[in-house]
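# Overview (structure and organization)
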Amino acid sequence: MPPSYSTNMRFKFPILAITLEAVIIILYALFITYDDGANAKLAALNTTIPEDPFYKLYPSFQDVHVMIFVGFGFLMTFLKRYGFSSVGFNLLIAAFGLQWGTLMQGWLHHSDDGKIKVNILSLINADFSTATVLISFGAILGKTSPIQLLIMTLLEITIFACNEHLVTGILKVKDVGASMTIHAFGAYFGLAVSRVLYRPGLQAGHDNEGSVYHSDLFAMIGTLFLWMFWPSFNSAIVENPDGQYRAIINTYYSLAACVLTAYALSSLLDKKGRLDMVHIQNATLAGGVAAGTSADMMIYPYGSLLIGCVAGIISTIGFKYLTPIFASKLKIQDTCGVHNLHGMPGILGGLAGIIASAMASQQLYGDGFRLTFPESRNSLQQAGYQAAGLGATLAVALVGGIITGFILLIPFWGQPPDQNCFDDQIYWEVPNGKNEHEDLLSSEHGRQTTNADA
Amino acid sequence: MPPSYSTNMRFKFPILAITLEAVIIILYALFITYDDGANAKLAALNTTIPEDPFYKLYPSFQDVHVMIFVGFGFLMTFLKRYGFSSVGFNLLIAAFGLQWGTLMQGWLHHSDDGKIKVNILSLINADFSTATVLISFGAILGKTSPIQLLIMTLLEITIFACNEHLVTGILKVKDVGASMTIHAFGAYFGLAVSRVLYRPGLQAGHDNEGSVYHSDLFAMIGTLFLWMFWPSFNSAIVENPDGQYRAIINTYYSLAACVLTAYALSSLLDKKGRLDMVHIQNATLAGGVAAGTSADMMIYPYGSLLIGCVAGIISTIGFKYLTPIFASKLKIQDTCGVHNLHGMPGILGGLAGIIASAMASQQLYGDGFRLTFPESRNSLQQAGYQAAGLGATLAVALVGGIITGFILLIPFWGQPPDQNCFDDQIYWEVPNGKNEHEDLLSSEHGRQTTNADA
Amino acid sequence: MPPSYSTNMRFKFPILAITLEAVIIILYALFITYDDGANAKLAALNTTIPEDPFYKLYPSFQDVHVMIFVGFGFLMTFLKRYGFSSVGFNLLIAAFGLQWGTLMQGWLHHSDDGKIKVNILSLINADFSTATVLISFGAILGKTSPIQLLIMTLLEITIFACNEHLVTGILKVKDVGASMTIHAFGAYFGLAVSRVLYRPGLQAGHDNEGSVYHSDLFAMIGTLFLWMFWPSFNSAIVENPDGQYRAIINTYYSLAACVLTAYALSSLLDKKGRLDMVHIQNATLAGGVAAGTSADMMIYPYGSLLIGCVAGIISTIGFKYLTPIFASKLKIQDTCGVHNLHGMPGILGGLAGIIASAMASQQLYGDGFRLTFPESRNSLQQAGYQAAGLGATLAVALVGGIITGFILLIPFWGQPPDQNCFDDQIYWEVPNGKNEHEDLLSSEHGRQTTNADA
């Protein structure tokens, strides 16, 4: 990154943010209205309102909401000097992304008479669309400006919504928990961006690319809220009630099993048998990712446990061995290891979906077969479509990520020079002009230093 | 504050707390019973129990509960040495306040045969009543004793309940998300108290009135839980289902837009274009405040986005320019900047409600017009009542706050001397007799120091 | 503890964890299936699915889930160097425990045709079963290896499930919020284990057995999520809707009152009248524990306030006076003071249940009497059974804890030597090989030290 370009965002960033918001408002005025159940005029006419899925889905929506804002936000606070950016840019990306996602998904999926009718499912799906960007954000964490992040949000959600429409809308691929369309998509998109934005200057590592004790504890807040609410993520958009119920049960067990293997592998791969917080923060979640595609299928709790076990194993191995190889050989600097948490487990989820679809049968599902799978396909046909969906997602993610990466390369976007990577100070006013680390030390030379705070 | 008075709370505080609790228990024994749906005797007789709103509202109640205890509590932990007090006094105020709020609201709103029947709406409204005090607490954070806070809770909830009854009960002003009756009320009440408790000794600032790196991250926990669950706050007490649904959607979009403008302004107003955590922690929430009054009206998502945009702008500008002026010119030392987060956005919400009421029509709402607005009023009449409600609320808050402030001035309540403001140590046993800051530094001179911990 | 034995877990721990998970998977394949409402085959046949309690209970389940993973996990992060272990081992115990609990509870309670049908109640009950272990974990926090913890989880959940089946299944004792069967059980089990694992070397205290400023704030995250969601814990498994409703209301008020007395006593018992974070973090929750058994009975809100008041008082007094006596006289080193939070308040809850049962009458409950209490018993008979249930629980817990303690004494399990107690470093890779404490200080002598992080 040419350090000669200014990182001062004073006008670039506000102009971009306000322009985007202004465009959004105009588009909303033109295209967005309330769904019938939330429209005073139509609701009063309509006696079926009590059956609107709103009350049933609102708790799940709020769980997903917590995953997006607290889960992803705090998960990335593990870096010792990048907590403000992790949780702050996460909020910025998600708040803009959900507005844009509502439009993109509405245009593609729901727009019949030119108007997009927002309802509780729109809110859930808009939150989902931001998840792809937040995953990609993890791959480039610490190396991008908020301007770049807003541009990536705009581009990635556009490409995501098209791919999602292709895969689940047109190809009728099953992916209720979005192992493929969100997790694998977000991971490989982000890895492609990270490859294009490769920084040779960071090849030897960076002082700030590590955690301190309490930053690791903040990250655990993110881990736990993701872990706990993942059953809501995987079940929220399932249409038939038994499938929704099954998605909750399956995800619950997959996550539980994943914890056991992630802990076991973390200890096994360390010479002294000690656990590594990176694994605990991340690999324990791989079971949720991997359970996504097959969550509403009849895989039974033991099948879920198996998926979770494998996810925990490959994720931990990935963090230990693949991430360093990616950085050194493939020139992909994956800050948060999204390949291990979202990439491989996402593919695993896609494969589990192929297998579970191939094994589906009238005998296993009874009359539920037609409710769970698209009509007029047999099991093997569906398995084929599942494979096509996985392949398409990976291809679109990689191509989209490369294109986006080249756009983000334009040196006008205020990207940080290498020496300022992983450091909040370049984009944030940090207490005392530095973080607690130095604050504490400087203050020992006299309280005058800290007095300046007040 | 006369430093000669004792700040030792040993007898004053326990006696006050236990006396208040004893009085509460007696009053509950006399006045409070279960609502029919929670009464074993009546529920068994009543076959309509399944339609009790309990199951539908319990998730929203819990969201509000999280906002009150985690949201407000952690939002105020940004001060480097006042975290115990922020989260701890928040819990104390809210736990006492909800008990008193149940009584006050019950007597005013729900008491027909002398008994108050508590139900899920009582719990939500009791939580709401504590929010006013927690907002006012923000204006005087760091400068009051827990004794003063209990007294303020008692007085403010009493006055709040009367004003709420006047505005929403008698005048039938619409304020479902309580922009006026909670947010503006709590802010101006607190600012009035702060004015009366003005401390010239703090005019030049105070060493402890600043954050450290991790205290700003703790505060973000509060911010995010408030931000995420605000749709529940603004919708919880809406009676008609379509209005409740609309309140969720409108608040969701208002908050999202507010984030964009708060970030944009934060950067724009800094010479180096950097973001300020104070703005991110607070101004991103102004969209939730401002959406409150009109949340269940037919303002459409683009209207919500507009309200959120304006809220984010005025709130950030307020933090940057108004707070210093308030302190220097008006002698109002507003520790958390509640004027910027709750005061101005609350008034904005009230104004939006006036406009949205004036623009309401049979054409826009259909038969829902009568469900949304009080019968026998036309739009302009309702707009007039909305304006009256806003004016009444501001007047009651200011007068109530001034009276309460003078009561809190009595030097018997153990208020901290200026030099001990913003410091937990005066009311809390802090590890090692000091906070982590010094703990860390002292320990380098030998482990004996820290050994004393054990 | 013989320090000569190796604390390296490299093979022991992974082998144990993977073996346990493999056995679990086999048992699940043999015994566990979906409940009818989550079974595609049966759901499609069954038109009563919409009445499955799934949608009503899922929000409560998620609240309980948060209590288990965030609540218990962060509550124990108060120790300055044991945060990774507190929140990390909590996750490990709970993730394994819920898998084992599903099996044990299924075999004992729900298995008719040899298959256990999992549903939303299974998930809630499985989470409950882990709570006993997490409570016992608090009594031995800092003094055990993860291997010991997995063994304890296996044994304790087995014994818990048997006792729960005896007490609530066979004796038909009422204990909806599990004051006795979870809280008192977990506490006395853990205290018995702690007694057997007594370490004379820790009698004089330990450098690490204390908090720092921010570790106390992390612990408050746990406290607040437990406090807020306790009404869900006490109500989740109540069968009749009015009882469920009542359990929420009663618990809400009991917790609120408990805060007032815990704060009052904390101040009263300190010479300088200052509050102690240990009391605020823990004793404020005693009202939730104590409300458990009688939560769904007609004790009225003032009865709940009374229970909460007493709970807050005895819990705070316990922390101040009993914990030191337990350590010095009874050789029970109760790290988290579970006797004060779960033990005594659990017994109080049992006693309240006896009294509330004895006072129950047809007059008070109407036709609801038969829905709330087992048929064919009068009030005094039920009170007798309640007392029997409390006695049985305490006896089983103590005997089970002693046996478990002796099994954990086997020196092969990698327990830490005294000097490494309360320290994450023995089982975790800690940033820089030490915690933030030293990290900060060492880094001042040159950035090379911290560079090693990257």
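A few points on the structure. A quick note: this is a predicted structure, and the numbers were derived from the prediction, not measured.

### Let's talk about helix α5 (residues 120-140) of chain C
Residue and element names in this part refer to chain C. The end-to-end C-alpha separation of α5 is 31 Å, in line with the 30 Å expected for 21 residues at 1.5 Å each. Where burial is concerned, most of α5 is hidden: 20 out of the 21 residues are buried. Of the residues flanking the start of α5, the one acting as N-cap is N119, its side-chain oxygen 3.0 Å from the backbone nitrogen of L121. A positive backbone phi angle near 95° is found at G142, which sits one or two residues after α5.

### Considering the relation of the copies chain B and chain A
Relative to chain A, chain B is turned by 120° and slid 0.0 Å along the rotation axis, the superposed coordinates differing by an RMSD of 0.0 Å. Interpreted geometrically, this transformation is the action of a three-fold axis. The rotation axis passes nearest to the C-alpha of B:P59 in chain B, at a distance of 3.6 Å. An overlap of only 15% is found between the interface residues of chain B and their copies at the interface of chain A, pointing to separate contact surfaces.

### Quick word on the relation of the copies chain B and chain C
Mapping chain B onto chain C calls for a rotation angle of 120° and an axial translation of 0.0 Å; the resulting RMSD is 0.0 Å. When you check the interface residues of chain B against chain C, a mere 14% turn up at the interface there too, and the two sides of the contact use different surfaces.

### Here we look at the interface of chain B and chain A
Contact with chain B, which involves 80 residues of that partner, is made by 85 residues of chain A. Between chain B and chain A, roughly 7200 Å² of surface is buried when both sides are summed, and carbon and sulfur atoms account for 70% of that area. At the junction of chain B with chain A, the criterion picks out 0 salt bridges. Linking chain B with chain A are 22 residue pairs in polar contact (both at pLDDT 80 or more), by the criterion used here. Looking at the side of chain B that touches chain A element by element, the count peaks at 19 residues for helix α9 (residues 241-268) of chain B. Broken down by class, the residue content of the side of chain B that touches chain A amounts to 45 nonpolar, 17 polar and 18 charged. Across 2 bridges, strand β4 (residues 428-429) of chain A lies against strand β3 (residues 275-276) of chain B in parallel orientation.

### Points about helix α9 (residues 241-268) of chain C
Helix length check: α9(C), at 28 residues, gives a terminal C-alpha distance of 41 Å against a target of 40 Å (1.5 Å per residue), a fit within 8%. Of all the 28 residues making up α9(C), 26 are buried; the element is thus mostly covered by neighbouring parts of the structure.

### Here we look at the pattern of salt bridges
Scanning the entire structure with this criterion turns up 15 salt bridges over all chains. The salt bridge partner of B:D242 is B:R246, with a shortest N-O separation of 2.7 Å. In this pair, B:D242 and B:R246 are both assigned in helix α9, 4 residues apart and thus about one turn of the helix distant. Taking relative accessible area as the criterion, B:D242 reaches 5% and is therefore assigned buried. Between C:R199 and C:D418 there is a salt bridge, with the nearest N and O atoms lying 2.7 Å from each other. With a gap of 219 residues between them, C:R199 in the loop between α7 (179-196) and α8 (213-235) and C:D418 in the loop between α16 (379-409) and β4 (428-429) connect regions that are remote in the sequence.

The rules behind the values
- Residues numbered from 1 in each chain as written.
- Chains lettered and ligands numbered in written order.
- Predicted model: local features only at pLDDT ≥ 70, side-chain atom pairs only at ≥ 80, totals over all residues.
- Heavy atoms only, no water.
- Helix = DSSP H or I, 4+ residues; strand = E, 2+ residues; numbered from the N terminus.
- Expected span 1.5 Å × (residues − 1).
- Buried < 20%, exposed > 50% of the residue type's maximum accessible area, 1.4 Å probe, protein only.
- Polar contact = N/O pair within 3.5 Å; in protein donor to acceptor, adjacent residues only side chain to side chain.
- Least-squares fit on C-alpha atoms with pLDDT ≥ 70 in both.
- Contact = heavy atoms within 4.5 Å.
- Buried area = accessible area lost by both parts, 1.4 Å probe.
- Salt bridge = Lys/Arg side-chain N within 4 Å of Asp/Glu carboxyl O.
- Nonpolar A, V, L, I, M, F, W, Y, C, P; charged D, E, K, R; others polar.
- Pairing = 2+ DSSP bridges.

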